[in-house]
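Architecture at a glance
Next come the chains, spelled out residue by residue.
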Amino acid sequence: MKVDGHQIDLSKRDKMFFPDAGLSKGDLIDYYEKVADIMVPHMQHYGVSMERFPDGVQGDSFFNKDTPDYFPDWITRVAIEKREGGQFHAPVVDSAAALIYLANQAVITPHLYLARTDDLEHPDKLVFDLDPPSTGDPAAALRQASLRVRELMAEVDMQTWIQTSGANGFHLIVPLDRSADFEQVREFAKDCARVLVNRHPDDYTLEQRKDKRDGKIFLDMLRNAYGATSVAPYAVRAQPTASVATPIEWQELEDGAGPQSWTIETIPRRLAQKNDPWQGMMRHSYKLGSHEQKLRELLAAEGVNDD
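1. Regarding the pairing of strand β14 (residues 217-220)
- What you see with β14 is no split at all: Ile217 and Leu219 on one side and Phe218 and Asp220 on the other are buried throughout.
- With two bridges connecting them, strand β10 (residues 125-130) and β14 associate as antiparallel partners. When the bridges of β14 are listed, leucine 130 appears paired with leucine 219.
- Both strand β13 (residues 204-205) and β14 contribute to a ladder of two bridges, which runs parallel. By the bridge assignment for β14, tyrosine 204 is matched with isoleucine 217.

2. Let's talk about the layout of surface pockets
- The space that makes up the largest pocket amounts to roughly 550 Å³.
- Residue lining of the largest pocket: 25 residues in total, with Asp129, Asp131, Asn168, Lys210 and Arg223 positioned closest to the centre.
- Of all the elements in the fold, those that place two or more residues in the lining of the largest pocket are β14 and β15 (229-231).
- Taken together, the residues that form the lining of the largest pocket break down as eight nonpolar, nine polar and eight charged.
- Put simply, the second largest pocket is a space of about 480 Å³.
- Every element with two or more residues in the lining of the second largest pocket is listed here: α1 (25-43), β9 (107-113), β12 (170-175) and β15.
- Ranked by the residues each element gives to the lining of the second largest pocket, the list is headed by α1, at four residues.

What counts, and where the lines are drawn
Residues numbered from 1 in each chain as written. Predicted model: local features only at pLDDT ≥ 70, side-chain atom pairs only at ≥ 80, totals over all residues. Heavy atoms only, no water. Buried < 20%, exposed > 50% of the residue type's maximum accessible area, 1.4 Å probe, protein only. Helix = DSSP H or I, 4+ residues; strand = E, 2+ residues; numbered from the N terminus. Pairing = 2+ DSSP bridges. 1 Å grid on protein atoms, 1.4 Å probe; cavity = no way out; pocket = protein on both sides within 12 Å on 5 of 7 lines; lining within 4 Å. Points joined across faces, edges and corners; volume = space filled by probe spheres on them. Nonpolar A, V, L, I, M, F, W, Y, C, P; charged D, E, K, R; others polar.

In structure tokens form, the structure reads like this:
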């Protein structure tokens, strides 16, 4: 395949990658080719952590952070310093050719670092990762939790965007102007989560261990850290149905959208019928510092302590 002037030698297109859905490696490559125009703009400023499945979703998988030596020179790299010392060179998907090349390397799911390549210390988004509770109606509980996060962020004058994870939950995003570092963003997200736990102690928890959550939804704000990643918009997940992490409108959530509502077979038709809900999202980026006082006032008014 020739893409963006680059020749990509595709291999083993017929290998079954999603047996339950009857979808091959070639179907994965074709999907990423179809959505590249929408997906690449969401990816082009970030390093990628590659989740690779050489034998499809039923085989072994591994994360590849460092760009292998055999990747072509035209794949852009970004040097990411490790906190413990040393560095690795993550690939950057800044073209359709790069996206298709990664798919041919069995990268089913690309995960994006939260800071742009030109400033790795200051993220341009705040992320809440909502995973389902172990009891009750998980889908309904996740939708309610997402709406409550949106309402809380509105209380501190911040708008929230939402994406199905394509796996078990939802990702909620607040775009930032990169004036705050990771520590500041993480503390802000933690304080937001503390407010929700205080308001709804029977529904939410900050307990990381699953066996100690008592069936509550974990309000995961830990992704807001240097070196952490979040699944790319429109990335395929390693699920039997080949479900896709899908940016959605809030009305779609209220109408019953679930974490795996869209797949590689339905996303191209969706994008042909409606605009990308995250189009232009980063034009609404917030200066975090200007919202911290409102959050502090909220914490004080509701008596939320540091325990």
